[in-house]
Amino acid sequence: MAARTLRIGLIPGDGIGKEVIPAGRRILEALPASLGLKFEFVDLKAGFETFEQTGAALPDETVAILKNECDGALFGAVSSPSKAVKGYSSPIVALRKKLDLYANVRPVKSVMTAANPIDMVIVRENTEDLYVKEEKTYDTPEGKVAEAIKRISQRASSRIATIAGEIALRRQKIRESGAPSIHKEPLVTITHKSNVLSQTDGLFRSTAREALANPRFKDVGVEEQIVDSMVYKLFRQPEAYDVIVAPNLYGDILSDGAAALVGSLGLVPSANVGEGFAIGEPCHGSAPDIMGQGISNPIATLRSAALMLEFLNEEAAAAKIYAAVDANLEEGKLLSPDLGGTAKTEEVVQDILRRL
Ligand SMILES: NC(=O)C1=CN([C@@H]2O[C@H](COP(=O)(O)OP(=O)(O)OC[C@H]3O[C@@H](n4cnc5c(N)ncnc54)[C@H](O)[C@@H]3O)[C@@H](O)[C@H]2O)C=CC1
Ligand SMILES: O=C(O)CCCC(=O)C(=O)O
């Protein structure tokens, strides 16, 4: 069998992005040759440091190379300032839109031996909602007022609900093949706030319901949950959730909350998914509080590399990475400080590479 060569863009970004992306590269390079996969890597720039050096947070060249030359990519994290900086706008938010990576898929899973089993996927709409970033500030006699557009479209809501349904079916198929799981039936939970935002979230809710009423999802249970009580239930009864589908901002917030349930943001991966292209990206940010100390947890990135491979139809390679990571966590001897251990990033990476 001829080896398949995947060309992967590497975008470390800022802060601990620079510590974890090299680990992502190493795990891909260490995959056994018997899988028939080869990798070529191309280093690409984006982030606040890039903005300071070049005046562009997301250089056109980065987008062009990803579009024209790559099969997929790994993105670390960027340090977007909290205060507006003229000319700067979040490069990852822009990249998702420019490459039409319409779904942000975020599996949150505890290692199955844990006392509190959690195995859910948060499927976050990735191109619109408040992230269209159409904001303005104006003066009134009472002082300044700032406004932001929350845009929800039928097209994006339908696409995201459809991929959530497909993910629920795929997970069911894996369960039926004998993989251990806490779930018996596929279930999609639609999250919204349409009791208040009856037009925007109302459209998300009704469109998602419609998409999931498609006969091909006849075996998928569908329920809905208002986002505030969703947070409550998520923390009280996380084992009840299989696939959660949410508009952009709620999905972003829910997934960081869910990360706390499994022990650390340093464990939770994501993939930005479009037609035939995927960017693996840890859910966490650039973690300026720990950068430069060599203690960042690389697991979210290693799992993101696996998730990217899954969406590039390389499930066997992805499974190898998941198994090596789970073995490290199950043994629990070499854990980074966010998980209560003392291991350095490098020691965790070495341990997982050894298990591969
Ligand atoms: N996709 C992206 O590029 C994202 C970027 N950010 C940016 O990151 C910067 C910092 O944001 P924060 O709100 O502090 O969120 P953060 O996710 O960077 O950090 C939150 C907390 O989690 C810890 N943490 C995160 N990743 C970790 C890892 N791999 N190992 C161990 N501990 C880890 C950090 O030390 C910190 O205490 C901001 O400039 C923000 O704009 C935030 C979220 C996503
Ligand atoms: O800080 C940035 O530039 C991007 C933050 C966006 C974010 O949290 C996510 O989408 O995961």
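The name given to the chain in an unreviewed UniProt entry is homoisocitrate dehydrogenase, with Immersiella caudata as the source organism. Database annotation for the chain, UniProt heading Cofactor (unreviewed entry): "Mg(2+)". In the Catalytic activity (unreviewed entry) part of its UniProt record, the chain is described as follows: "(2R,3S)-homoisocitrate + NAD(+) = 2-oxoadipate + CO2 + NADH".

## Concerning the site of ligand 1
Taken together, the neighbourhood of ligand 1 is formed by 20 residues, with Glu281, Gly285, Ala287, Asp289 and Asn297 sitting nearest. The side chain of His284 places a nitrogen or oxygen atom 3.3 Å from a nitrogen atom of ligand 1. The contact in question runs from an oxygen atom of ligand 1 to an N or O atom on the backbone of Ala287, over 2.8 Å. Out of a free accessible area of 810 Å², ligand 1 has 68% covered by protein chains.

## Describing the sheet that holds strand S1 (residues 4–13)
Taking strand neighbours across the sheet as the criterion, the 10 strands line up as S2-S1-S3-S12-S11-S4-S5-S10-S8-S9 in an open arrangement whose pairing is mixed. With one partner strand each, in any of the chains shown, strand S2 (37–43) and strand S9 (221–226) form the two edges of the open sheet. Along the sheet, successive strands turn relative to each other by an average axial angle of 25 degrees, direction set aside. Pairing of strand S4 (residues 103–109) with strand S11 (residues 271–274) involves three bridges; the strand directions are antiparallel. Counterpart to Val105 in the pairing with S11 is Ala271. This element, helix H6 (residues 200–212), spans strand S8 (187–192), S9 and strand S10 (243–246) of the sheet and lies at about 165 degrees to S8.

## Side note on helix H5 (residues 154–176)
The terminal C-alpha atoms of H5, which comprises 23 residues, lie 33 Å apart, in line with the 33 Å expected from a rise of 1.5 Å per residue. Gly178 sits one or two residues past H5 and shows a positive phi near 105 degrees.

## Details of the nonpolar core
Core analysis: the largest hydrophobic core is formed by 60 residues, its most contacted members being Leu28, Phe39 and Leu309. Looking at this core element by element, the count peaks at eight residues for helix H9 (residues 299–311). Core analysis: the second largest hydrophobic core is formed by 22 residues, Phe48, Phe51, Ala73 and Val78 among them.

## A short note on the site of ligand 2
All residues adjacent to ligand 2 are Val78, Ser80, Ser90, Ile92, Arg96, Arg106, Arg124 and Asp252. Between an oxygen atom of ligand 2 and a side-chain N or O atom of Ser90, the distance comes to 2.6 Å. One nitrogen or oxygen atom from the side chain of Arg96 is found 2.6 Å from an oxygen atom belonging to ligand 2. The protein chains hide 75% of the 320 Å² of surface that ligand 2 would expose on its own. Class assignment for the residues of the shell around ligand 2 results in two nonpolar, two polar and four charged.

## Quick look at the packing of helix H7 (residues 227–236) against helix H8 (residues 248–261)
Here H7 crosses H8 at 15 degrees, and the two axes come no closer than 10 Å. In terms of orientation, H7 lies roughly parallel with respect to H8. Between H7 and H8 the crossing geometry is right-handed. When H7 is examined against H8, the residues Val227, Met230, Val231, Leu234 and Phe235 are found in contact with a partner set consisting of Tyr250, Leu254, Gly257, Ala258 and Leu261. Partitioning the contact of H7 with H8 into residue classes produces nine nonpolar, one polar and no charged.

## A few points about the pairing of strand S7 (residues 143–148)
Pairing of strand S6 (residues 135–140) with S7, which is carried by six bridges, proceeds in the antiparallel orientation. Considered in S7, the bridge of Tyr138 is made with Val145. In textbook terms, the turn of a hairpin is the stretch between consecutive antiparallel strands, and for S6 and S7 this stretch comprises two residues.

## Section: the pairing of S2
Inspection of the sheet shows S1 paired to S2 by seven bridges, in the parallel sense. Within S2, the position partnered with Arg4 by the bridge is Leu37. In terms of handedness, the path from S1 via helix H1 (residues 17–29) over to S2 forms a crossover that is right-handed.

About the criteria used
Residues numbered from 1 in each chain as written. Chains lettered and ligands numbered in written order. Predicted model: local features only at pLDDT ≥ 70, side-chain atom pairs only at ≥ 80, totals over all residues. Heavy atoms only, no water. UniProt positions renumbered as here; feature names shortened; annotations may be inferred. Near = heavy atom within 4 Å. Polar contact = N/O pair within 3.5 Å; in protein donor to acceptor, adjacent residues only side chain to side chain. Areas by Shrake-Rupley, 256 points an atom, 1.4 Å probe, with all protein chains shown as cover. Pairing = 2+ DSSP bridges. Helix = DSSP H or I, 4+ residues; strand = E, 2+ residues; numbered from the N terminus. Axes fitted to C-alpha atoms, helices over the stretch in contact; angles between N-to-C directions. Contact = heavy atoms within 4.5 Å. Expected span 1.5 Å × (residues − 1). Core = buried A, V, L, I, M, F, W, Y, C linked by side-chain atoms within 4.5 Å. Buried < 20%, exposed > 50% of the residue type's maximum accessible area, 1.4 Å probe, protein only. Nonpolar A, V, L, I, M, F, W, Y, C, P; charged D, E, K, R; others polar. Parallel < 35°, antiparallel > 145°, perpendicular 65-115°, else oblique. Left-handed = near helix turned anticlockwise from the far one by under 90°. Right-handed = clockwise from strand over helix to strand, strands pointing away.

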